[in-house]
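The lines below spell out each chain.
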Amino acid sequence: MKSWVVMTLGTVLLLAEEAQAAISGQIDARLIIIASCAVTNDITNSDGSPIGDVGLLDFGSQGPTWTKPINANLSDAGNGTLEVSCNSSVTGFTVTIDGGTHGDGTTRRLSNGTQTIPYRLFLDASGGDSYSIGQQRNFAVTNGGQVPIPVFGSVVANTGAVPAGVYTDTLTVTLDW
């Protein structure tokens, strides 16, 4: 009985060594690029990494009154510029800027928590073309290049004394294509 078991085991081992096979198959790879745009800026932290905010309208420091408008844009004080990059499938997009955290639906306002100061946004430094609250502004895309989005701010002249403090607002910019 012992010899029969050895013979059977030997036959199985011989068959196992001779039974080789190769199998092949395919792997599909895919990347879908959708018609889209991306907002970029050249703003970086001191360590060189990009920051999440689109930019800063820095109106600087001012005394309690001023007789001329105080102006700012996204590139003041080296804070960067807002740009949009789209692939060639996109020929245009719109930009909408809301009324901000402290706006009242018709006027954007900077606030120190108790006092507010009105300000306006424009597409040009001269203040001739404004970003009205919630209004879509159209921008054309050519050759898939970067499209600069100009944003200029102006705090209106104020001859009445304003309390000292840091006045801020947060705007939401919406890009649609």
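See the structure shown above.
The sections below set out a description of the structure shown in this document. None of these values were measured; they are calculated from a predicted model.

Parameters at a glance
- Residues numbered from 1 in each chain as written.
- Predicted model: local features only at pLDDT ≥ 70, side-chain atom pairs only at ≥ 80, totals over all residues.
- Heavy atoms only, no water.
- Helix = DSSP H or I, 4+ residues; strand = E, 2+ residues; numbered from the N terminus.
- Contact = heavy atoms within 4.5 Å.
- Polar contact = N/O pair within 3.5 Å; in protein donor to acceptor, adjacent residues only side chain to side chain.
- Salt bridge = Lys/Arg side-chain N within 4 Å of Asp/Glu carboxyl O.
- Buried < 20%, exposed > 50% of the residue type's maximum accessible area, 1.4 Å probe, protein only.
- Phe/Tyr/Trp six-rings, centres within 6.5 Å; stacked < 30°, edge-to-face > 60°.
- Pairing = 2+ DSSP bridges.
- Axes fitted to C-alpha atoms, helices over the stretch in contact; angles between N-to-C directions.

This part is about the environment of aspartate 169. Secondary-structure assignment places aspartate 169 in the loop between strand S9 (152–155) and strand S10 (173–176). When the C-alpha positions of aspartate 169 and leucine 110 are compared, they lie 5.0 Å apart, and in sequence the two are 59 residues distant. Excluding its chain neighbours within four sequence positions, the residues that come into contact with aspartate 169 are Gly99, Gly100, Thr101, His102, Arg109, Leu110 and Tyr119. Within the local environment of aspartate 169, its side chain forms a polar contact with the backbone nitrogen of histidine 102, the two atoms lying 3.1 Å apart. Polar contacts involving the side chain of aspartate 169 include one to the side chain of tyrosine 119, which spans 2.6 Å.

Applying the stated rule across the entire model yields two salt bridges. Note that arginine 109 is salt-bridged to aspartate 104, the shortest N-O span being 3.3 Å. The exposure class of aspartate 104 is partly exposed, given its relative accessible area of 45%. Linking aspartate 129 and arginine 137 is a salt bridge whose minimum nitrogen-to-oxygen distance equals 2.8 Å.

Glancing now at the packing of aromatic side chains. Under the criterion given, the structure shown has two aromatic pairs. Between the aromatic rings of phenylalanine 59 and tyrosine 119, the centroid separation amounts to 6.1 Å while the plane-to-plane angle is 65°, which identifies the pairing as edge-to-face. Pair noted here: phenylalanine 59 is in the loop between strand S1 (37–41) and strand S2 (70–73) and tyrosine 119 is in strand S6 (residues 116–122), with a separation of 60 residues, a long-range link. A single burial state applies to phenylalanine 59 and to tyrosine 119, both of which are buried. Both rings, one in phenylalanine 93 and one in phenylalanine 139, keep their centres 5.5 Å apart while their planes meet at 15°; by these two values the pair is stacked. Within this pair, whereas phenylalanine 93 is found in strand S4 (residues 92–97), its partner phenylalanine 139 is found in strand S7 (residues 137–140), the two being separated by 46 residues in sequence. In this pair, the class of phenylalanine 93 matches that of phenylalanine 139, namely buried.

Attention now goes to the sheet that holds S7. Pairing in this open sheet of three strands is antiparallel, and the strands run S7-S4-S10 from one edge to the other. At either margin of the open sheet sits one strand with a lone partner, and together these are S7 and S10. Along the sheet, successive strands turn relative to each other by an average axial angle of 25°, direction set aside. Sheet analysis places S4 next to S10, joined by four bridges and oriented antiparallel.

What follows covers the sheet that holds S9. Pairing is antiparallel in the open sheet, where four strands are placed in the order S2-S9-S6-S5. Each end of this open sheet is capped by a strand with a single partner; those strands are S2 and strand S5 (108–111). Between one strand and the next, the sheet's axes are offset by a mean angle of 35°, whatever the strand orientation. In this structure, S5 lies alongside S6, joined through four bridges in antiparallel fashion.

In short, the description is geometric, and any link to function would need to be established separately.
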